[in-house]
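# Structural characterization, general
Below are the chains, spelled out letter by letter.
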Amino acid sequence: MTKSRTIRYGSRLVALSTAVLGLAAAMAVPAAAADDQPTREQLIADCASGEGKCSFNEPKLGTAYLGDFHQVSNSLYNCSTSDATQSMGWADTVGSTDSVGVSVTVGGKIAELIDLSVTATYSHTWSSSHTENSSMNMTVKPGEVGWISRAQVMQNVSGTWQTHYDSPKWGHYFWYVPDTVTGPAPNGTDGQSNAVIVKTRKMTTAEQKSCSSDAKQGRAFVVKR
């Protein structure tokens, strides 16, 4: 069984094939026969559905890094003339996406296969999602808006999907597609720590004008995100 030549169609796919008898190597399908080649999405879909017997081979974990800050609480508007201090709850769920930005579903086949591969290689589990919630006090100055933002430690895991079919599909028993999945990593990975901060900004002109209404004048109020 030998690798076919690289076929450029969407993502870089590589096909392997074996004959039913004698394990003889099959000829590569001509690149011109583009209609006979699967897309990356089709192969991953077969992995997710179980139609293809898939594995995520040779996983390599990248160096962990702190992801982008994003709002995780409601917003506190201060239309009063003094500082407004309030305890604000927050909640955050960070998921995983693959190399083309497709979400890796929690509890799905794809997430399970990646976890099995990472666990076997690195002796620790991989999670496609992380949820956290808490509360903290925040102080907002007059004429400003405040909210809580959080950044999650993230990490890439790269590998190659191997899809095996019981009968040839698109002319082959085996198809391969490289992939990189970005997902949440445990706090403290590679010395990186999750971060939760309070952010504020000046109200816009329209927001300042709204403070003159009877319902908002001289007080602080919360707006749901």
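Now for a quick tour of the structure. (Residues numbered from 1 in each chain as written. Predicted model: local features only at pLDDT ≥ 70, side-chain atom pairs only at ≥ 80, totals over all residues. Heavy atoms only, no water.)

### Digging into the overall build of the protein chain
Scanning the protein chain from N- to C-terminus turns up 3 helices and 15 strands. Of all 225 residues assigned to the protein chain, the portion counted as buried reaches 38%. Expressed as a percentage of contacts within the protein chain between residues at least 6 apart in sequence, the contacts between residues at least 24 apart total 78%. Total accessible area computed for the protein chain in this model is approximately 12100 Å², and 51% of it derives from carbon and sulfur atoms. (Helix = DSSP H or I, 4+ residues; strand = E, 2+ residues; numbered from the N terminus. Buried < 20%, exposed > 50% of the residue type's maximum accessible area, 1.4 Å probe, protein only. Contact = heavy atoms within 4.5 Å. Areas by Shrake-Rupley, 256 points an atom, 1.4 Å probe, with all protein chains shown as cover.)

### A look at unusual backbone geometry
For W170, which is not a glycine, the phi torsion comes out positive at approximately 55°. When you line up the elements, W170 lands in the loop between β12 (153-169) and β13 (172-184). Although it is not a glycine, D190 adopts a positive phi angle of roughly 55°. Looking at the element boundaries, D190 is found in the loop between β13 and β14 (195-202). With relative accessibility at 48%, the residue D190 sits in the partly exposed group.

### What about the packing of aromatic side chains?
A complete count under the given rule lists 3 aromatic pairs for this structure. With centroids separated by 5.4 Å and ring planes inclined at 10°, the aromatic side chains of Y77 and F221 adopt a geometry described as stacked. Highlighted residues: Y77 in strand β6 (residues 75-78) and F221 in strand β15 (residues 220-223), separated in sequence by 144 residues. Here F221 falls in the buried class, since its relative accessible area comes to 11%. With a centroid separation of 6.2 Å and an interplanar angle of 75°, the aromatic rings of Y165 and W170 are classed as edge-to-face. (Phe/Tyr/Trp six-rings, centres within 6.5 Å; stacked < 30°, edge-to-face > 60°.)

### Observations regarding the pattern of salt bridges
Pairing between side chains of opposite charge can happen when the charged atoms of each approach one another. One pass over the structure, following the stated rule, counts 10 salt bridges. When the shortest N-O distance is used, the salt bridge between E51 and K169 registers 2.6 Å. Placement of E51 in the loop between α1 (40-49) and β3 (53-61) and of K169 in strand β12 is noted, with a sequence separation of 118 residues between them. Given the relative accessible area of 47%, E51 is considered partly exposed. By relative accessible area, which is 22% here, K169 ends up partly exposed. Residues K141 and D83 are paired through a salt bridge, measuring 3.9 Å at the closest nitrogen-oxygen approach. Linking K141 in the loop between β10 (130-140) and β11 (144-151) with D83 in the loop between β6 and β7 (84-94), this pair joins segments that are 58 residues apart in sequence. Taken together, the shared-partner salt bridges connect R40, D98 and D179 into one network. (Salt bridge = Lys/Arg side-chain N within 4 Å of Asp/Glu carboxyl O.)

### Describing the side chain of T182
Relative to the assigned elements, T182 resides in strand β13. Other than its neighbours up to four places away in sequence, T182 contacts Y65, G95, S96, T97, M154, Q155 and N156.

Shape descriptors only; they carry no functional weight alone.
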